[in-house]
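# Geometric and topological summary
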Amino acid sequence: MSRTGKEYLASIDDGRVVWHGSERVKSVVSSRYYRNAAASFAALFDAASNPDDLELFNYRSADRLRQRGFQIPATVGDLLGKRSMHEAWARYSFGFLGRTPDYMASGLAGFMAAKHVFEGDVYDGRQALERLYQDAADGSKFISFTLTNIRPDRRVPLSRQNSGGADIGVRAVRETDGGIYVSGVKAVGTAALFSDEIIVGSIEPLDLADTDYALTFSIPPATAGVSLISRQSYEANAADPRDNPLSSRFDENDAMLVLDQAFVPWERVLTYRDTKAASAIWWETPAYVYMAQQASIRFATKLRFLAGLACLAARANGLNDNPQVRMTLGRLLGYVEMARSMVLGAEADHEMVPGTPGAIAPNRQIVYAQRIVAAELYPKFVHELRMLCGGSLIYVPRSVADLDHPEVGKVIASYMATTDQSAVERTRLLKLIWDATSSEFAARHAHYEQFYQGAPHVYFSQMATENALSAYGAFAASACDDPSL
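Starting from 1, residues in each chain are numbered consecutively following that chain's sequence as written. Given that the model is predicted, a residue must reach a pLDDT of at least 70 before its local features are reported, and side-chain atom pairs must reach 80 or more before they are shown or counted; all residues, however, enter totals for whole chains, interfaces and linings. With hydrogens and water stripped out, all remaining heavy atoms of the structure feed into the side-chain values.

Our focus in this paragraph is the packing of helix α5 (residues 101–113) against helix α6 (residues 126–138). Axis definition: a line fitted to C-alpha atoms, limited for helices to the stretch in contact. Angles are taken between N-to-C directions and run from 0 to 180 degrees. For helices the rule is a DSSP run of H or I covering at least 4 residues; for strands it is a run of E covering at least 2, with both sets numbered from the N terminus onward. Contact geometry of α5 with α6 gives a least axis separation of 10 Å together with a crossing angle of 140°. The handedness of the crossing between α5 and α6 is left-handed. From α5, Leu 108, Ala 109, Phe 111 and Met 112 reach across to α6, where they touch Leu 129, Glu 130, Leu 132, Tyr 133 and Ala 136. Under the grouping applied here, Gly and all other residues not named as nonpolar or charged are polar, the nonpolar ones being Ala, Val, Leu, Ile, Met, Phe, Trp, Tyr, Cys and Pro and the charged ones Asp, Glu, Lys and Arg. Considered class by class, the residues forming the contact of α5 with α6 number eight nonpolar, no polar and one charged. Note on convention: near helix rotated counterclockwise from far helix by under a right angle means a left-handed crossing. Clockwise means right-handed. Should any heavy atoms of two residues lie within 4.5 Å, those residues are counted as being in contact.

Let us now look at the packing of helix α4 (residues 76–92) against helix α9 (residues 323–348). Two numbers describe how α4 lies on α9: the axes approach to 10 Å, and their chain directions differ by 155°. Here α4 lies roughly antiparallel to α9, going by the angle between them. Crossing hand, α4 versus α9: right-handed. Here α4 contributes Leu 79, Leu 80 and Arg 83 to the contact with α9, which in turn contributes Val 343, Leu 344 and Glu 347. Oblique is the label for any angle not under 35 degrees, not over 145, and not in the 65 to 115 range, which are roughly parallel, roughly antiparallel and roughly perpendicular in turn.

So, on to the pairing of strand β8 (residues 197–200). Working definition: with a 1.4 Å probe on protein chains only, accessible area under 20% of the residue-type maximum means buried, over 50% means exposed, and in between means partly exposed. Residue alternation in β8 divides its side chains into two sets, Glu 197 and Ile 199 and Ile 198 and Val 200, and both sets are buried. We call two strands paired when DSSP finds no fewer than two bridges between them. Where strand β5 (residues 143–146) lies against β8, four bridges are found, and the strand directions are parallel. Looking at β8, one finds that Ser 144 is bridged to Ile 198. As defined by bridge partners, β8 adjoins strand β9 (residues 215–219) across three bridges and the pair is classed as antiparallel. Within the sheet, the bridge partner assigned to Val 200 lies in β9 and is Phe 217.

Okay, the environment of Ala 74 next. Along the chain, the position of Ala 74 falls in the loop between β4 (64–67) and α4. Once the C-alpha coordinates of Ala 74 and Pro 357 are considered, the two residues, 283 residues apart in sequence, prove to be 9.1 Å apart. Apart from the residues lying within four places of it in its own chain, the contact partners of Ala 74 are Gly 358 and Ile 360.

Pairing in this open sheet of four strands is mixed, and the strands run β5-β8-β9-β12 from one edge to the other. Only two strands of the sheet have a single partner each, and these edge strands are β5 and β12 (269–272). Within the sheet, the average angular offset between the axes of one strand and its neighbour, ignoring direction, is 20°. On top of the sheet, α5 reaches β5 and β8; it is set at about 80° to β5, its chief contact.

Looking now at helix α12 (residues 423–437). Since the α-helix advances by 3.6 residues per turn, residues separated by three or four positions end up pointing in the same direction. In a helix, the anticipated span is given by 1.5 Å times the number of residues less one. With 15 residues, α12 should reach 21 Å at 1.5 Å per residue; the first-to-last C-alpha distance of 21 Å fits that figure. Inspection of α12 places Ala 423, Arg 426, Thr 427, Leu 429, Leu 430, Lys 431, Leu 432, Ile 433, Asp 435, Ala 436 and Thr 437 among the buried residues, and these make up the whole buried set. On its buried face, α12 is in contact with α8 (287–316), α10 (364–389), α11 (408–416) and α13 (440–451).

Right, let's get into unusual backbone geometry. For the bond from Ala 187 to Val 188, the omega torsion is -15°, close enough to zero to count as cis. Locating Val 188 in the fold gives a position in strand β7 (residues 179–190). A positive phi angle, near 65°, is found at Asn 253, a position not held by glycine. For Asn 253, the position within the fold is in the loop between β10 (226–230) and β11 (254–265). For Asn 253, a relative accessible area of 0% translates into the label buried.

Moving on to the sheet that holds β10. Pairing is mixed across the open sheet formed by six strands, whose spatial order is β2-β1-β10-β11-β7-β6. With partners counted over all chains shown, the strands left at the sheet margins are β2 (23–25) and β6 (171–175), one partner each. The mean angle between the axes of side-by-side strands here comes to 20°, regardless of whether they run parallel or antiparallel.

Take a look at the structure:
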C-alpha cells in the first residue's frame, strides 16, 4: 500500500545536495523554494493511502497492495484502472504536475513487461531491474529520471562534446567488484529534487563511439557525489497564493544532475557499455507507452481545466451569449474531446506486448500521434484563453491584497467589480488565468508541453516508420488497380 505523505516527506528530507543559484538548500521539505511543491506531492501519497480510496489508487499483487502505476496491465480493466488512478492524481494539480510518481512507476512496469530487453550483449541487467522494481513497488517510491544528453555541438558524438576535461555526458570512471563510480552532467531532471531515486540513462540513440556513456542506473539523490542544480523557483516568487494559485503549489522544478565519483552498486545498474540496450529499454519495451498513457491523461485533464477557465472568463465578461465567443468556447471544448478521445482510442485499440505472454499496452501509433496533437494544441488553447480575457489581464491589480488598501482599494474595486462578480472574485479569477497562461510558470509549461515527450524532429520521424509509409502508400496505390478505372 502507498506510504503516507508524512512518510514520503521524511524520506526525502535526507541531506541531498541541492543548489538554487549560489545558495545550498538544506532541505527541500522546508525550503521556501520547494516546500509547497513537496507538500503537493505528499498530498498525492495521502490520497493513495486513504482507506476509502485504496481500490482507486492501488492493485493487489500477491498478498499486498501496490500503487497502480507499477501494475503491468493484462486486461482492458487493468488499463481502465490505471487511467482512473492517473486522472485522479492529475485532477489534484489540474494537470500542472507532470512528473508525478505514477509516471516513472509506469515506466518501470513497462521495463518489467519486457525485461528480456535488458539482456544486452555486454551486460545482463535483468536481475538489477527486478530488484529495483520490487523495491520501488513495495516501498511506493517516487522515481524520476534524467535522460537528456547535453550536446553543444550536435554534429559530433557525445564522447567528443567535452571541453576542458569536463564530462558533459555521464560515464563510469571506475569499475569495482561492487559497482561503478560515475561522473558527468545530465539534463533535465523534472521533479528530481522531490524523488526517492533518479534513473540516469539515454533515451536517444547513441553513436557507437559513445560506448563509455551507454549506461543506465538508478541512484538516490542523497548519494555522496550527487548534486542537483535547480532552475529558478517560481514558488519562491509566489508570495500570496491568491495571486499565484498554481505556481505557489505546483512548481515541480527542473534540475541539472551533477555526478562526481558517485558510487552505484551493480544492483542498481540496468544497462552497461551497450549503446543498443541503453536506448532499446525505452523503445523495445512498453515503458514509453505506459508513461505516455499517464501523460496523455494528464494533458486531457489540463485542457479540461483551461476550458473551464475559458467558460468562467466568458461569463465574467458577460459574453456567454455572444456568437463569436460561443464559437471560441466550442472550439476549446472540441480540443478537450480530441485529447480525451486519443486516450480512449489508445486503450481500445490496445496491443499485446511482443515477447511477453499476457501483457498489453495502449496502441503505440496513437500514443505517438498524441505527442504531435498535444504540442500543437496547447499554444492554440492558451492563445484563445488570453483572447477571451482581452485587456483585463493587463489592468488586473498587482495583488488581491491591494483591494484592502484604504486609498487605492476603492478605486480598484470600482473598475474590477461587475454585475455578477465582486472585485475580489474577478481579480482572483484573472490572477488564476494569468498564472496559467502568462506568468513565468506558464511560459515554462508552454515549453514543457512542446518538448517533454521529445523534440518534434524525433517524434515526427517516429510516426513516419517505413512500415506505416508502405502501408499507406499501398492503400493509395490500390486505387490505380480498381478495374473500373
